[in-house]
Each structure stands twice: as C-alpha cells, then as structure tokens.
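Structure assessment
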Amino acid sequence: MSSLDVSYNLVAKEEIPDALEIELAGFHPDEAASRESLEYRQAHAPDLFLGAYIPESPPSAHSGNPLSTRKLIGYVVATISASPTVTAASMREHVSVSKGGKTVVIHSVCVHPDYRRKGVAIALLREYLTRLGKDAPPEIESVGLICHEEMTELYQKAGFDLVGKSPVVHGPREWYEMKYNLPSKGDAAQRQPEIPPEVLAALLKPSSASGSTPAPRRFTSFPSIQDLVTDDASSGAQSNKYKLVCPREGCRSVILLPGVGKLVEAAAVELDSPKDPPPPNVLAPLPSPPETMEWWLVTPNPMRFENIGFSKTVHTPGGILKMLSCADCDLGPLGYSEVRTTEFWVACSRVAYRE
C-alpha cells in the first residue's frame, strides 16, 4: 500500500467534471453515469457524495475554484431509496427520509486509474460507512449497492454481505447485490465511532516492518500470555499490549492497535477448511472444540481494526461465520465473526506482535 496524503470531503458542484472523468475511466460506457446523473445526485444528496483528495499544486485545470489545491482521486456517491433492496427505480430517483427513504443506495465507488491498488478504495469505503454510522438519521437502516462479481470481495472486506445476483439490468454484464446493515441508533454501544486521524493515516501508509522497526514476534516466543497484555484497573479487563500484525513474512500489515482487543479464554472454533488448509509454517494449528484457547475480542464493529478482510459467509457446526484475514495479503483465517453480531474474534496464536 503506497503512502498518500489523503483527506476526505464532500464533492462540490464545481468538481463534477473531475468526478465524471474518473467515472468514465472506471466503468464501461454503457454503465458509466452521465454528467447530468452526477449533478442530480450532488444536488439532491450532497452529504452522500464523498471524495478522497490529495494535495495538488498548481490547481487542477478542471476545478471551478482557481484557488483549489486539492485533487479528487476517488469518490463514493449515493442517494436514498424507500426500497430495502437495490432496484432500477432506486438507482434513478432520490427519496428523502421524510418521504420514506430508508436505504442508502451507492451508485459508484470510483478511484482514478493512477491511484488504484494503493488502498484508496477500501479506506474511502470505511470512511464513508463510518460517517453514515455516526451521522445518518435513525430512519436509515442499511446501505445497498450492485457490483460485478470480481468486486464482491472488496465490499466484503469493508463489511458488506453478498445478497446474490441482482435483477437490475444496466450495461452488458450481470450485477450482484451487496448489503451493509447500519448499527441501530437506539444502541449507543453499536454506533460507528469516529476514526481517529492516526487510524485513517495508517490505512494509507505502508504497514510493513521496515528500516529500524523491530521485527514482530511470534506468539510462541512469549513465555506467558500475561506478557502480551496490559491491565485495566477500572474494568479488570486485559487488553493487547502490542500491535497485532500479519504473521506473513513480507507483509506485516498492522491489524490492530494496542489496547483495542480484550483477552478472552473461550471455546475453540473450527476455522480451517480441510479442502484449503492454511500454511502451517505461517498459521499455527488451533485446538479442536470443545477445548478452549485465547482470543482477542474486538467490539463493537470492524472499524476498530486497522486492516481486516472478511470471507464469504461460511456455515459451520459453530454457527454462520465470516472468517477474518489480512486485507493486504489475504492470509487467513486469523479469526472469525458470527454473522449479525458485533463481536470479532482474533486467535492470539495466529497473529504476530510488534512494539
């Protein structure tokens, strides 16, 4: 993941030409939105048109503001629909909350070709969902979108569930519907927190160990689990003392910052598929249920992670799960989350630890 000085802000009307250029570069001509569609969405739902920007000097030739020094490199644009699913009608018309709107329908998640494969899209999506979780009115229940099959994995990493093939016909290819359920506004514990600036910066910086950064340590290198924790005197809970990082040599992406995960001894869970076992030299074997093991419990949502990926839904004897993996190199399973819960379990033995 390359280092970019990315900031997020709402896309202004004057920046529609910049957005249109990115749209046309990202979609088939039969699928791309027109300038009129982008203008409609910006006019009717300006708070749902979020851009990713980097500093630019001299100002862009496209910018309507000659003093602008920000360059649009990607955006998410959406409107609101009264339908709980994505339909052709919901893609055309914005329905305000006062008129029954309850679903945010994302029309485009686009990144300029020069800035793809740098972590911009996933960071932008996470920022977008965080803002919705914090600021959306309580009537808004979920976020929906349609995408091509090869893009479903990206959205699953951001926390979306795959609903299935969509009946929407738009362009020459099939579409798949994805859905993200927003936390209930009635439960303050489940509301999306604001991401600290250092967390956002970490999403867009290389997280691999380099230079003088100490090499991460394996779980087995610590004499005791107590060497990995710090005590919270007020709650009596124990949290992770070190950064949790991907154990794969050459990746080492930061997964969790210190103090976020709570140490819990709980029953082991069958994470590994016999058909596709993880590399034993990288991921430690886990005990079999009903034996217990140590976990890092992360709550109340995936935004607490620095970097995490989600598998498709998996039906197991222990429940309906999504497996957790490194979002940078796809190594996993590192843990799991039970579908429709707010708990994320990371196996202590399957991550490495770094100061």
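Residues numbered from 1 in each chain as written. Predicted model: local features only at pLDDT ≥ 70, side-chain atom pairs only at ≥ 80, totals over all residues. Heavy atoms only, no water.

1. With respect to the state of the cysteines
Evaluation of the coordinates by the stated rule reveals 0 disulfides. Unpaired in this structure, C246 has its nearest cysteine sulfur neighbour in C329, at a distance of 3.6 Å. (Disulfide = S-S within 2.5 Å.)

2. Remarks on the nonpolar core
Most often, soluble globular proteins have nonpolar side chains that are buried together. With 37 residues, the main nonpolar core has V104, I106, Y128, L132, V143 and F160 as its most contacted residues. Of all elements in the fold, only β2 (49–55), β3 (70–81), β4 (103–111), α3 (120–135), β5 (142–147) and β7 (176–181) reach the threshold of two or more residues within this core. Take this core: its biggest share by element is 9 residues, from α3. Formed by 28 residues, the second largest nonpolar core is a distinct cluster that contains I225, L283, C326 and V346. (Core = buried A, V, L, I, M, F, W, Y, C linked by side-chain atoms within 4.5 Å. Buried < 20%, exposed > 50% of the residue type's maximum accessible area, 1.4 Å probe, protein only. Helix = DSSP H or I, 4+ residues; strand = E, 2+ residues; numbered from the N terminus.)

3. Digging into the sheet that holds β4
Across the sheet, which stays open at both edges, the 7 strands sit in the order β1-β2-β3-β4-β5-β7-β6 with mixed pairing between neighbours. Every interior strand has two partners, whereas the edge strands, β1 (7–10) and β6 (161–165), have only one. Neighbour-to-neighbour, the strand axes of the sheet open up by a mean angle of 30 degrees, direction not taken into account. Bridging between β1 and β2 involves 4 bridges; their strand directions are antiparallel. (Pairing = 2+ DSSP bridges. Axes fitted to C-alpha atoms, helices over the stretch in contact; angles between N-to-C directions.)

4. Remarks on the side chain of E56
Here E56 is to be found in the loop between β2 and β3. For the buried E56, which has no salt bridge, the nearest side chain bearing the opposite charge is K71, at an N-O separation of 4.8 Å. Setting aside its immediate chain neighbours within four residues, E56 contacts T69, R70 and K71. (Lys, Arg positive; Asp, Glu negative; His and termini not counted. Salt bridge = Lys/Arg side-chain N within 4 Å of Asp/Glu carboxyl O. Contact = heavy atoms within 4.5 Å.)

5. Overview of the layout of surface pockets
Empty space among the atoms can be located by rolling a probe the size of a water molecule over them. Put simply, the second largest pocket is a space of about 590 Å³. Every residue lining the second largest pocket is counted, 27 residues in all, and those nearest its centre are D276, S311, M323, G332 and P333. Looking at the lining of the second largest pocket, the elements that each hand over two or more residues are α4 (152–157), β14 (309–310), β15 (314–316) and β16 (319–325). Taken together, the residues that form the lining of the second largest pocket break down as 12 nonpolar, 7 polar and 8 charged. (1 Å grid on protein atoms, 1.4 Å probe; cavity = no way out; pocket = protein on both sides within 12 Å on 5 of 7 lines; lining within 4 Å. Points joined across faces, edges and corners; volume = space filled by probe spheres on them. Nonpolar A, V, L, I, M, F, W, Y, C, P; charged D, E, K, R; others polar.)

6. With respect to helix α1 (residues 16–26)
Taken residue by residue, α1 has I16, D18, A19, L20, I22 and E23 as its buried positions. Buried residues along α1 sit in contact with α2 (35–44), β2, β3 and β4.

7. A word on the side chain of R126
You can see R126 is positioned in helix α3. Although R126 is buried, it forms no salt bridge, and the closest oppositely charged side chain is D328 at an N-O distance of 7.3 Å. Separated by 2.7 Å, the side chain of R126 and the backbone oxygen of I308 make a polar contact. (Polar contact = N/O pair within 3.5 Å; in protein donor to acceptor, adjacent residues only side chain to side chain.)

8. Details of the pairing of β4
For β4, the buried fraction is high: 9 of the 9 residues fall into the buried class. As judged from the 8 bridges shared by β3 and β4, these two strands associate in the antiparallel manner. Across the sheet, the residue bridging to A78 is I106, located in β4. Of the pairings in the sheet, the one linking β4 to β5 comprises 3 bridges and is parallel in character. Paired with V104 across the strands is V143, a residue of β5. Once the chain exits β4 it traverses α3 before rejoining the sheet at β5, and the crossover so formed is right-handed. (Right-handed = clockwise from strand over helix to strand, strands pointing away.)

9. A few points about the confidence of the model for the protein
On average, the protein scores 86 in pLDDT, and the residues at 70 or more come to 87%. Segment residues 187–193: pLDDT under 50, and 23 contacts once partners within four positions in sequence are set aside and those in other chains are kept. Within the model, the stretch residues 206–211 combines pLDDT values under 50 with 15 contacts to residues more than four positions away or in other chains. (pLDDT = per-residue confidence, 0-100.)

10. So, the packing of aromatic side chains
With the rule as written, the count across this model stands at 10 aromatic pairs. Ring geometry for F222 against Y242: centres 5.6 Å apart, planes inclined by 40 degrees, an arrangement best described as tilted. Separated by 20 residues along the polypeptide, F222 in the loop between α5 (197–203) and β8 (229–231) and Y242 in the loop between β9 (238–240) and β10 (243–245) bring together distant segments of the chain. Among the aromatic residues, those joined into a cluster by ring pairs are Y155, F160 and Y180. A cation over an aromatic ring shows up here: R70 above the ring of Y53, its NZ or CZ 4.0 Å from the ring centre. Residue placement shows R217 over the ring face of F222; its charged tip is 3.9 Å from the ring centre. (Phe/Tyr/Trp six-rings, centres within 6.5 Å; stacked < 30°, edge-to-face > 60°. Lys NZ or Arg CZ within 6 Å of the ring centre and 35° of its normal.)

11. Comments concerning the sheet that holds strand β11 (residues 254–256)
Two modes of strand pairing occur in sheets, parallel and antiparallel, and in both the strands are linked by backbone hydrogen bonds. In spatial order, the strands read β11-β10-β19; together these 3 strands make up an open sheet with antiparallel pairing. Bordering the open sheet on either side are β11 and β19 (352–354), each of which pairs with just one other strand. Each neighbouring strand pair of the sheet contributes to a mean axis angle of 50 degrees, computed without reference to strand direction. Direction of pairing for β10 relative to β11: antiparallel, over a ladder of 2 bridges. Each bridged residue has a counterpart across the sheet, and for V245 the counterpart in β11 is V254.

12. Notes on the packing of α1 against α2
Two elements in contact, α1 and α2, have axes separated by 10 Å at closest approach and are oriented at 125 degrees. In terms of axis orientation, α1 runs oblique to α2. With respect to the hand of their crossing, α1 and α2 are arranged in right-handed fashion. Along its contact with α1, which presents I16, P17, A19, L20 and E23, the element α2 presents R35, L38, E39 and Q42. A class-by-class count of the residues in the contact of α1 with α2 yields 5 nonpolar, 1 polar and 3 charged. (Parallel < 35°, antiparallel > 145°, perpendicular 65-115°, else oblique. Left-handed = near helix turned anticlockwise from the far one by under 90°.)

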